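# Structural description and commentary
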Amino acid sequence: SSFLAARLYIEFLASKTNPRAVKRALNALPSTLNENYEEAMKRIERSPTKPLAFKVLTWIVYAVRPLQLEEVLHAVAVDELEPEDESVEEDCLTPPSTIVNACAGMIRIDNESDVVGLVHKTAQEYFDKNGIKHFPHAHRDIATSCLRYLSLRVFSSGYCPSDKLFERRLTKNALLYY
């Protein structure tokens, strides 16, 4: 999607400027996937939505399994809760479009499975090599979020005495299954 954005930008330039400006813009484009991902991370670094993007990317890159959209929404929301919040309410959830835009083309939401993932397997390879530079405390941050989530008042009653109550709790608290 970053390559598509670059192509659209080049087409825009071509319609507004001279051929020399288009050539200069083409020469400035990243030549490898690694450079493309580095550019995306630099855009995120400069963005006012950097904290959101880093939270989302941390979860997507380092979670022990692929996450559903609702799980990601709850994972992001848990750090923003006030002490008096009993659970993650609907008005605490960030719109999916905001999350996708904040991540500068690095993630996508699968329409069929509702799984949030990196845009391509090469993005995972990039983070396997460079993730520690961007997310030095990823595992700690995920663990902290999980503990905060489990500390919500909604869970203070303890275990669920029936499967039906447990299923209801899972439905209302998307990150609990994780």
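Above this text you will find the structure in question.
Attention in this report is confined to the structure presented alongside it.

Okay, the overall build of the protein chain next. Secondary structure summary: the protein chain contains nine helices and three strands in total. Traced from its N-terminal end to its C-terminal end, the protein chain shows the element sequence α-α-α-α-β-α-α-β-β-α-α-α. For the protein chain, the residues scored as buried account for 38% of the 178 residues in total. By element, 54% of the accessible surface of the protein chain is carried by carbon and sulfur atoms, the whole surface being about 11100 Å².

For helix α8 (residues 138-150), with 13 residues, the first-to-last C-alpha span of 18 Å sits near the 18 Å given by 1.5 Å per residue. Every buried residue of α8 is accounted for by A138, I142, S145 and Y149. All buried residues of α8 project into a common sector of 60 degrees when viewed along the axis, lining one side. Residues of α8 that are exposed and point over 90 degrees away from its buried face: H139, L147 and L150. Tucked inside the fold, the buried residues of α8 contact α4 (50-62) and α5 (69-78).

A word on the pattern of salt bridges. A full pass over the atoms with the stated rule returns eight salt bridges. The salt bridge involving E45 is made with K50; its shortest N-O contact spans 2.9 Å. In this structure K50 comes out as partly exposed when scored by relative accessible area, which is 29%. D79 is the salt-bridge partner of R148, the closest N and O atoms lying 2.7 Å from each other. Here D79 lies in the loop between α5 and α6 (96-102) and R148 lies in helix α8, a separation of 69 residues in the sequence.

Glancing now at a negative patch on the surface. Together, E70, E89, E90, D91 and D114 make up a region of like negative charge exposed at the surface. Relative to the elements of secondary structure, D91 occurs in the loop between α5 and α6. Looking at D91, the relative accessible area reads 71%, which means it is exposed.

This brings us to unusual backbone geometry. Although it is not a glycine, A104 sits at a positive phi angle of roughly 50 degrees. The topology assignment puts A104 in the loop between α6 and β2 (107-109). Take A104: its relative accessible area is 16%, and that puts it in the buried class. Backbone geometry places D114, a non-glycine residue, at a positive phi of 65 degrees. Relative to the assigned elements, D114 resides in the loop between β2 and β3 (115-118). Since its relative accessible area comes to 32%, D114 is described here as partly exposed.

When you line up the elements, R169 lands in helix α9 (residues 163-172). Buried charge R169 goes without a salt bridge, the closest partner of opposite sign being E86 at 10 Å. Apart from residues lying up to four places away in sequence, R169 is in contact with V154, F155, S157, G158, C160 and L176.

For the rest of this paragraph, the subject is the packing of aromatic side chains. Counted by the stated rule, this structure contains seven aromatic pairs. Plain terms: the ring middles of F54 and F135 are 5.2 Å apart, the flat faces sit at 65 degrees to each other, and that makes the pair edge-to-face. On the criterion of sequence distance, the pair formed by F54 in helix α4 and F135 in the loop between α7 (121-134) and α8 is long-range, its members being 81 residues apart. Ring geometry for W59 and Y178: centres 5.3 Å apart, planes at 70 degrees, overall edge-to-face. Here W59 is found in helix α4, whereas its partner Y178 is found in the segment after α9, with 119 residues between them in sequence. When its relative accessible area of 3% is taken as the criterion, W59 is described as buried. An aromatic cluster of three or more residues is present, and its members are Y37, F54, Y62, Y126, F127 and F135. Note that K50 overlies the ring of F54, its terminal NZ or CZ placed 5.4 Å from the centroid.

What counts, and where the lines are drawn
Residues numbered from 1 in each chain as written. Predicted model: local features only at pLDDT ≥ 70, side-chain atom pairs only at ≥ 80, totals over all residues. Heavy atoms only, no water. Helix = DSSP H or I, 4+ residues; strand = E, 2+ residues; numbered from the N terminus. Buried < 20%, exposed > 50% of the residue type's maximum accessible area, 1.4 Å probe, protein only. Areas by Shrake-Rupley, 256 points an atom, 1.4 Å probe, with all protein chains shown as cover. Expected span 1.5 Å × (residues − 1). Arc of directions from axis to C-beta. Contact = heavy atoms within 4.5 Å. Salt bridge = Lys/Arg side-chain N within 4 Å of Asp/Glu carboxyl O. Patch = residues over 30% accessible without salt bridge, like charges linked within 9 Å, V, L, I, M, F, W, Y side chains within 5 Å. Lys, Arg positive; Asp, Glu negative; His and termini not counted. Charge placed at Lys NZ, Arg CZ, Asp CG, Glu CD. Phe/Tyr/Trp six-rings, centres within 6.5 Å; stacked < 30°, edge-to-face > 60°. Lys NZ or Arg CZ within 6 Å of the ring centre and 35° of its normal.

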